[in-house]
Amino acid sequence: MTQPRKTLIDLNQTSYYHCIARCVRRAFLCGEDSFSGKNYEHRKDWVVERLSLLADTFAIDVASYAIMSNHYHLVLRVDIEKAEQWSEANVIRRWKRLYKIPLIVNRYLKGNASPALTQMAQELITKWRQRLTDISWFMRCLNEYLARKANLEDQCTGRFWEGRFKSQALLDEAAVVTAMAYVDLNPIRANLASTPEDSDYTSVKQRIRNEDKDSSSRNVKLMKLTQSSNKTHRHGFNVTEADYLELVDYSGRAIRCDKRGYIPNGLPPILERLNLEPDGFLELMQRDDNIAGLRAVGSPSALTHLLDSLDQRFIKGVGINNRLYSS
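Here is what the cut-offs are and how they apply
Residues numbered from 1 in each chain as written. Predicted model: local features only at pLDDT ≥ 70, side-chain atom pairs only at ≥ 80, totals over all residues. Heavy atoms only, no water. Helix = DSSP H or I, 4+ residues; strand = E, 2+ residues; numbered from the N terminus. Buried < 20%, exposed > 50% of the residue type's maximum accessible area, 1.4 Å probe, protein only. Contact = heavy atoms within 4.5 Å. Areas by Shrake-Rupley, 256 points an atom, 1.4 Å probe, with all protein chains shown as cover. Expected span 1.5 Å × (residues − 1). Polar contact = N/O pair within 3.5 Å; in protein donor to acceptor, adjacent residues only side chain to side chain. Pairing = 2+ DSSP bridges. Axes fitted to C-alpha atoms, helices over the stretch in contact; angles between N-to-C directions. Salt bridge = Lys/Arg side-chain N within 4 Å of Asp/Glu carboxyl O. Phe/Tyr/Trp six-rings, centres within 6.5 Å; stacked < 30°, edge-to-face > 60°.

Per an unreviewed UniProt entry, the recorded name for the protein chain is Transcription factor IIS helical bundle-like domain-containing protein, and the organism is Pleionea litopenaei.

1. Focus: the overall build of the protein chain
Helix and strand content of the protein chain: 15 helices and five strands. Out of the 327 residues in the protein chain, the part that is buried amounts to 51%. Contacts in the protein chain between residues at least 24 apart in sequence constitute 70% of all its contacts with a sequence separation of at least 6. Surface accessibility of the protein chain: about 16400 Å² in total, with carbon and sulfur atoms responsible for 48%.

2. A word on helix α7 (residues 135-154)
The terminal C-alpha atoms of α7, which comprises 20 residues, lie 28 Å apart, in line with the 28 Å expected from a rise of 1.5 Å per residue. Lining the buried residues of α7 we find β1 (16-22), α2 (43-57), β2 (60-67), β3 (71-78), α4 (88-96) and α6 (115-131). A side-chain oxygen of the first residue of α7 lies 2.8 Å from the backbone nitrogen of S136; this N-cap is D134. Phi turns positive one or two residues past the end of α7, at Q155, with a value near 55°.

3. Structural notes on the sheet that holds β1
Read across the sheet, five strands follow the order β2-β3-β1-β4-β5 without closing on themselves; strand pairing throughout is mixed. In this open sheet, the two edge strands, each paired with only one partner strand, are β2 and β5 (296-297). Where β1 meets strand β4 (residues 166-170), four bridges bridge the pair, whose relative direction is antiparallel. Along β4, the bridge assignment pairs I20 with K166. Contacts from α2 reach β2 and β3, with the element oriented near 170° to β2. Along the sheet, helix α8 (residues 173-184) makes contact with β1, β2, β3, β4 and β5, crossing β2 at roughly 35°.

4. Digging into the pairing of β1
Of all seven residues in β1, six are buried; the element is thus mostly enclosed. One ladder, built from seven bridges, connects β1 with β3; its direction is antiparallel. Residue pairing in the sheet places I20 in a bridge with H73 of β3.

5. Here's the deal with the environment of V105
Take V105: it is sitting in helix α5 (residues 103-110). Along the sequence, V105 and L117 sit twelve residues apart, while their C-alpha atoms lie 8.2 Å from each other. The contact partners of V105, leaving out residues within four places of it in the chain, are I92, A121, L124 and W128.

6. Quick notes on the pattern of salt bridges
Working definition: two side chains of opposite charge can pair if their charged atoms are close together. One pass over the full model with this rule turns up ten salt bridges. For D154, the salt bridge goes to R43, with nearest N and O atoms at 2.8 Å. Separated by 111 residues along the polypeptide, D154 in helix α7 and R43 in helix α2 bring together distant segments of the chain. Take D154: its relative accessible area is 29%, and that puts it in the partly exposed class.

7. Observations concerning the packing of aromatic side chains
In the structure shown here, the tally under the stated rule is seven aromatic pairs. Between Y72 and W161, the aromatic rings sit 5.7 Å apart at their centres with planes inclined by 85°, giving edge-to-face as the arrangement. Within this pair, whereas Y72 is found in strand β3, its partner W161 is found in the loop between α7 and β4, the two being separated by 89 residues in sequence. Just as Y72 is buried, W161 falls in that class too. When the ring of Y99 is compared with that of W137, the centres are 6.2 Å apart and the planes differ by 85°; the resulting orientation is edge-to-face. Placement of the pair is Y99 in the loop between α4 and α5 and W137 in helix α7, with a sequence separation of 38 residues. Note on W137: relative accessible area 15%, which makes it buried. Joined through ring pairs, the aromatic side chains of W95, Y99, W128 and W137 make up one cluster.

Okay, structure coming up:
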């Protein structure tokens, strides 16, 4: 049964979410459509450019992304504390990148608004501040922009996405890293690339090339990965850039029918630190279905806490989550 978004995204449970949006029927977001012979590969640049703008506008960090032919994956982190520190002028400046600013706010900025208009303007700015920490608004600003641009290019109207985006709660550090690796390995799982560094339009390739330090609009500002002793974010975790790349490389090599769970010599220490079971981790990486179909990923204790907060007795994905974590 479809559930309201407020029950699916609860920042009291976690600041991290895995999101996915898929095109409707035979529509192609990117890539080459063998049925019509049309090539939509240039649309991947649209996604990256828009993501770059949104990551620099919202108080939402992009941990990982992968852009496929008819869908895309994101792992996002909401940073409410960051938005609370913004000045009113900063909030207005950010909102102005996405939408037109109403006249009453412009009058408020010039200092010639009446007390009633001042109150209305301040209420609007408060609402914008909240929206700039809202994953639903982030995805709306991305999907609506892409749909309009694609429909204009295709000279058609109507729905471009199959429905609202799917979201999956990532309840702990291990779940976040697992989802990030799953997202970055999508091209390899789809046999579109043989190595992470060849996986175009993924965050792992950007991390490998350190492109997130580039000011180019084709690069997305990515969430920094650092040691916990040096972390600058309250919701950061103990995973370095090198740790993560080692994990993705290990996972990518293991996604083969003759290698499942049998690379003990190459087992990265990060799996041990995160208390992840190698066989369960690789099983999740190799799933044919989309792990976003799971309501949440997390340790058994984290899932139990989530069930208690939702007043539910069962949640999809308990079995795979139990196999993912070491006892």
